[in-house]
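# Survey of secondary and tertiary structure
In case you want the letters, here they are:
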Amino acid sequence: MGVYEKKRDSTSIIIIMKRISQWVLAAMLTMMGVSPLSAQGNDKEPDLQALYQEIDDAIEHSPQYIAHRLGQIDDLHKLLLDESSLEKRLTLAERLFALYKPYKNDSALYFADLCVALADSLKQKNKVGLYLSLKAHQCSNVGMYVESLDLLKRIDKQSLEREGLTKYYAAWMHVCGEIGAYSQLEDERLKYFALQDGYRDSVLAVAEEGSEEYLHLKMDVLCARQQYQDALTVSDKWFGKVSNGTHEYAYAAFYRSVVYDKLGNKSQLRYWLGKSALDDIKCAVNDQASLFMLSERLCEDGDYNRAYRYVRFCENCNTVFSPQLRNYQVRYVANVMKASYQNSEARYSRLLLMACAVGLLLLGLVIWLLIKRGKK
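Only a predicted model underlies this, so the values are computations on that prediction, with no experimental measurement involved. (Residues numbered from 1 in each chain as written. Predicted model: local features only at pLDDT ≥ 70, side-chain atom pairs only at ≥ 80, totals over all residues. Heavy atoms only, no water.)

Along the protein chain, the regular secondary structure elements total 16 helices and zero strands. Scored against the burial criterion, the 376 residues of the protein chain give a buried share of 43%. Here the contacts in the protein chain between residues at least 6 apart in sequence split such that 62% fall between residues at least 24 apart. Of the accessible surface of the protein chain, which amounts to about 21,500 Å², a share of 56% is contributed by carbon and sulfur atoms. (Helix = DSSP H or I, 4+ residues; strand = E, 2+ residues; numbered from the N terminus. Buried < 20%, exposed > 50% of the residue type's maximum accessible area, 1.4 Å probe, protein only. Contact = heavy atoms within 4.5 Å. Areas by Shrake-Rupley, 256 points an atom, 1.4 Å probe, with all protein chains shown as cover.)

Encoded structure:
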């Protein structure tokens with residue numbers, strides 16, 4: 001046997017050994033629940049067209065859902081104006097903040113300020129810190145990063161109780177993540193992402209285990225570790241705590257869609273994005289995200305007309321929430337518009353080609369008839 005044959009055989013043995021080690025490692029990861037393929041979920045195959053029809057109907061009836069939310073707001077406004085007790089006024093202001101929070105940002109900021117002022121008058125330092133944190137999160141959610149950081153620096157961390165501390169760390173985590181995501185400087189990006197990771201750990205350390213903050217961050221961590229079956233198990237527990245048709249259910253549905261996106265399950269991804277969008281429309285939530293993402297997926301499926309309708313509706317909702325669209329929202333609008341335009345252009349080209357072909361056929365027919373008549 002020559003040197004070449006010996007090298008080839010030894011190389012083959014090394015390749016075989018590597019493959020065996022990879023198979024063993026994959027098997028071990030699967031048993032540990034780490035493999036991305038270890039989770040496919042127990043959800044049945046969805047009827048997407050039926051869900052899309054529900055969304056179409058909900059969009060058509062959205063004025064009714066908005067009227068219901070505005071009716072609740074008006075009732076609380078009247079109670080607030082007639083109330084003299086500071087404690088009861090604070091309770092009403094908190095309820096109004098909660099109603100405005102996903103509906104109209106500037107009004108939510110106003111009632112967060114009112115909550116801070118009333119809590120300060122009542123010497124409730126924990127509530128002061130809580131609503132400063134909620135206001136800071138509301139600011140960073142619409143790109144007001146400087147304002148968010150200023151608010152967070154005003155908070156007396158020592159005065160916060162568990163809920164206030166959770167919201168405080170969550171607000172820090174959010175603004176740091178946003179600054180990191182949109183910074184053009186690599187050092188700044190890394191710095192703020194590191195801060196975001198630290199504040200995420202802080203939220204998980206202080207948040208109540210079954211709370212919304214804890215559950216969605218737990219799913220984030222499990223997805224990052226590719227422990228998708230565990231993430232779906234957490235999602236199942238989350239759905240046990242929320243009611244169908246609520247904004248809380250929509251939030252839980254969005255995070256379930258994230259897991260299926262990681263798994264590459266296209267139908268379940270679309271279903272849970274659709275469920276999230278549907279419940280938010282019925283709850284008159286203007287701070288829409290799921291419908292934007294679903295619109296882009298519909299373009300991938302060739303459903304350009306529906307994608308265009310959804311993104312336009314979503315754009316209108318978000319401009320009511322905050323006059324200026326955020327960066328990620330602009331991206332979705334641009335992508336859907338571009339895809340719709342390219343599809344329209346392609347259809348126009350096909351129609352033009354067909355018209356030319358028909359015209360040539362008619363011209364040929366006329367020439368043939370003229371020649372035939374000339375011969376006669």
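Don't stop here, the text continues.
Right, let's get into the packing of helix α3 (residues 62–82) against helix α4 (residues 86–100). For the pair α3 and α4, the least separation of the axes is 10 Å and the interaxial angle reads 160°. The orientation of α3 relative to α4 falls into the category roughly antiparallel. Here α3 and α4 pass one another in a crossing that is left-handed. Where α3 abuts α4, its residues R69, Q72, I73, L76, H77, L79 and L80 lie against R89, L92, R95, L96, A98, L99 and Y100. In terms of residue class, the contact of α3 with α4 is made up of nine nonpolar, two polar and three charged. (Axes fitted to C-alpha atoms, helices over the stretch in contact; angles between N-to-C directions. Parallel < 35°, antiparallel > 145°, perpendicular 65-115°, else oblique. Left-handed = near helix turned anticlockwise from the far one by under 90°. Nonpolar A, V, L, I, M, F, W, Y, C, P; charged D, E, K, R; others polar.)

This paragraph deals with the packing of aromatic side chains. For any two aromatic rings, the description comes down to two numbers: the centre-to-centre distance and the angle of the planes. Within the structure shown, the criterion is met by 13 aromatic pairs. Arranged with centres 4.9 Å apart and planes meeting at 55°, the rings of F239 and Y249 form a pair that is tilted. Highlighted residues: F239 in helix α11 (residues 228–239) and Y249 in helix α12 (residues 247–263), separated in sequence by ten residues. The class for F239 is buried, based on a relative accessible area of 16%. For Y249, a relative accessible area of 11% gives the class buried. Of the aromatic side chains, those joined through ring pairs into one cluster are Y168, Y169, W172 and Y199. (Phe/Tyr/Trp six-rings, centres within 6.5 Å; stacked < 30°, edge-to-face > 60°.)

Tallied over the entire structure, the rule returns 14 salt bridges. Put simply, D197 and R200 hold a salt bridge, and the shortest N to O gap is 2.7 Å. Taken together, the residues D197 and R200, both in helix α9 (residues 186–206) and three residues apart, mark about one turn of the helix. Residues joined in a network through salt bridges with shared partners are D261, R270, R297, E300 and D301. (Salt bridge = Lys/Arg side-chain N within 4 Å of Asp/Glu carboxyl O.)

So, on to helix α14 (residues 290–300). Along α14, the residues that are buried comprise S290, L291, F292, L294, S295, L298 and C299. Two residues or fewer past α14, G302 is found with a positive phi of approximately 85°.

Counting 93 residues, the largest nonpolar core has I55 and L291 as the members making the most contacts within it. For this core, the element with the highest residue contribution is helix α8 (residues 162–182), accounting for ten residues. (Core = buried A, V, L, I, M, F, W, Y, C linked by side-chain atoms within 4.5 Å.)

One non-glycine residue with positive phi stands out, namely K123, at about 60°. Within the element layout of this structure, K123 appears in the loop between α5 (105–121) and α6 (125–141). Although it is not a glycine, A284 adopts a positive phi angle of roughly 55°. Residue position: A284 is located in the loop between α13 (266–282) and α14.

In short, shape yes, function no, at least from these values alone.
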